[in-house]
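# A look at the structure
The chain contents come next:
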Amino acid sequence: MNNIYLIGMMGSGKTTIGRKLSKKLNMDFVDVDTDIEFINDRTILEIFNEFGENKFREMESAYFIEKSKEENKIFSTGGGIILRKKNREVLINHGLTFLLELDCNILLNRIKDIDNRPLLSGSDNLETIYDIWNQRKKYYYNSCHHIINVNNLSVKDAIEEIITILN
C-alpha cells in the first residue's frame, strides 16, 4: 500500500491516530518529530533553541523526503511539515494525505505540556495558535486529499472514517 500521511496542527491527534491506524492496517508507523529527536539526541525545543526554526525545518524536510521514499508507512508529521514546497509535493504526489482539522480552542485545551511546543513559548497561546493556523491553513488544505474534522470524533471514530475513505 502507498503511504498515508497525517497532517494538521500540533495537538490535532496525528500521533495517537497514526499509531492506532498503523496497527489496524498492519503498516509501519513513522512519527517524524520523534524520529528527529532520536536522531539528534535532542528535543524539538532544544533543536529550536540551539539551531533555530529554519535549521529544524531543514532537518525535518530532509528526513521526511528520504523516509517518504519507503512504502507501506503511516506518517505523523510535524505541524509545520507543510511550510516547505518539497514536503507539500510529497504529501500530494506520493501517498494519501489526511488533514486532521480541529478547532483552535479545542487544540489549546489538548496541549497540556506547553513547554515542549517551541512556537508557543512565552506567548498568548490562543492568539498564537490562531495566528499559526491562519498562516498555515492554505498549505494544509492544498496538501491534503481528505479532511477529517476531529472536533467531535473519538480516536476510534477518526480511524474508522479514514478506513472508510481508504476502502
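As the structure is a computational prediction, the values presented were derived from the model and not from experiment.

How each quantity is defined
- Residues numbered from 1 in each chain as written.
- Predicted model: local features only at pLDDT ≥ 70, side-chain atom pairs only at ≥ 80, totals over all residues.
- Heavy atoms only, no water.
- Salt bridge = Lys/Arg side-chain N within 4 Å of Asp/Glu carboxyl O.
- Helix = DSSP H or I, 4+ residues; strand = E, 2+ residues; numbered from the N terminus.
- Buried < 20%, exposed > 50% of the residue type's maximum accessible area, 1.4 Å probe, protein only.
- Core = buried A, V, L, I, M, F, W, Y, C linked by side-chain atoms within 4.5 Å.
- Contact = heavy atoms within 4.5 Å.
- Pairing = 2+ DSSP bridges.
- Axes fitted to C-alpha atoms, helices over the stretch in contact; angles between N-to-C directions.
- Arc of directions from axis to C-beta.
- Phe/Tyr/Trp six-rings, centres within 6.5 Å; stacked < 30°, edge-to-face > 60°.
- Lys NZ or Arg CZ within 6 Å of the ring centre and 35° of its normal.
- Parallel < 35°, antiparallel > 145°, perpendicular 65-115°, else oblique.
- Left-handed = near helix turned anticlockwise from the far one by under 90°.
- Nonpolar A, V, L, I, M, F, W, Y, C, P; charged D, E, K, R; others polar.

## Some thoughts on the pattern of salt bridges
Throughout the structure, instances matching the rule amount to 9 salt bridges. Across the salt bridge formed by E60 and R57, the nearest N and O atoms sit 3.1 Å from each other. With E60 and R57 both in helix 4 (residues 53-67), this residue pair falls 3 residues apart, about one helical turn. When its relative accessible area of 8% is taken as the criterion, R57 is described as buried.

## Quick look at the environment of R136
Looking at the secondary structure, you find R136 in helix 7 (residues 125-142). Along the chain, R136 and M9 lie 127 residues apart, while their C-alpha atoms are 8.8 Å from each other.

## What about the nonpolar core?
Counting 42 residues, the largest nonpolar core has I7, I17 and F64 as its most contacted members. With sequence-adjacent residues up to four places away left out, F64 is seen in contact with Y5, V32, F75, T77, I81, N87, V90 and L91.

## Thoughts on the sheet that holds strand 4 (residues 96-101)
Taking strand neighbours across the sheet as the criterion, the 5 strands line up as 2-3-1-4-5 in an open arrangement whose pairing is parallel. Two strands in the sheet have a free side with no partner beyond their single neighbour: strand 2 (28-31) and strand 5 (146-149). Sheet twist, expressed as the average angle between the axes of neighbouring strands with direction ignored, equals 20°. Here strand 1 (residues 4-7) runs beside strand 3 (residues 73-76); their pairing, made up of 3 bridges, is parallel. Residue pairing across strands places I4 opposite I74, the latter belonging to strand 3. Contacting strand 2 and strand 3, helix 2 (residues 32-40) crosses the sheet at an angle of about 70° to strand 2. Most of the contacts of helix 4 go to strand 3, to which it runs at about 165°, and overall it touches strand 1, strand 2 and strand 3.

## Regarding helix 5 (residues 85-93)
Of the residues making up helix 5, those classed as buried are N87, V90 and L91. Buried residues of helix 5 fall within an arc of 100° about the axis and therefore sit on the same side. Those residues of helix 5 that are exposed and aimed more than 90 degrees away from the buried face are K85, K86 and N93. Among the structural elements, strand 1, helix 4 and strand 4 are those in contact with the buried residues of helix 5.

## Some points on the packing of aromatic side chains
Describing an aromatic ring pair means giving the distance of the ring centres and the angle of the ring planes. Considering all chains together, one arrives at 6 aromatic pairs under this definition. A centroid spacing of 5.3 Å and a plane angle of 40° characterise the contact between F48 and F56, whose relative ring orientation is tilted. Since its relative accessible area comes to 12%, F48 is described here as buried. Ring geometry for W133 against Y140: centres 5.7 Å apart, planes inclined by 20°, an arrangement best described as stacked. Residue W133 is classed as buried on the basis of its relative accessible area of 13%. In this structure an aromatic cluster arises from ring pairing among Y5, F64 and F75. Above the face of the Y139 ring, K138 is positioned so that its terminal group lies 4.7 Å from the ring centre.

## Concerning the packing of helix 4 against helix 5
Here helix 4 crosses helix 5 at 25°, and the two axes come no closer than 10 Å. Our classification of the angle between helix 4 and helix 5 gives roughly parallel. For the crossing formed where helix 4 meets helix 5, the hand is left-handed. Residues S61, F64 and I65 of helix 4 form the contact with helix 5, whose own contacting residues are K86, N87, V90 and L91. Per-class residue counts for the contact of helix 4 with helix 5 are 4 nonpolar, 2 polar and 1 charged.

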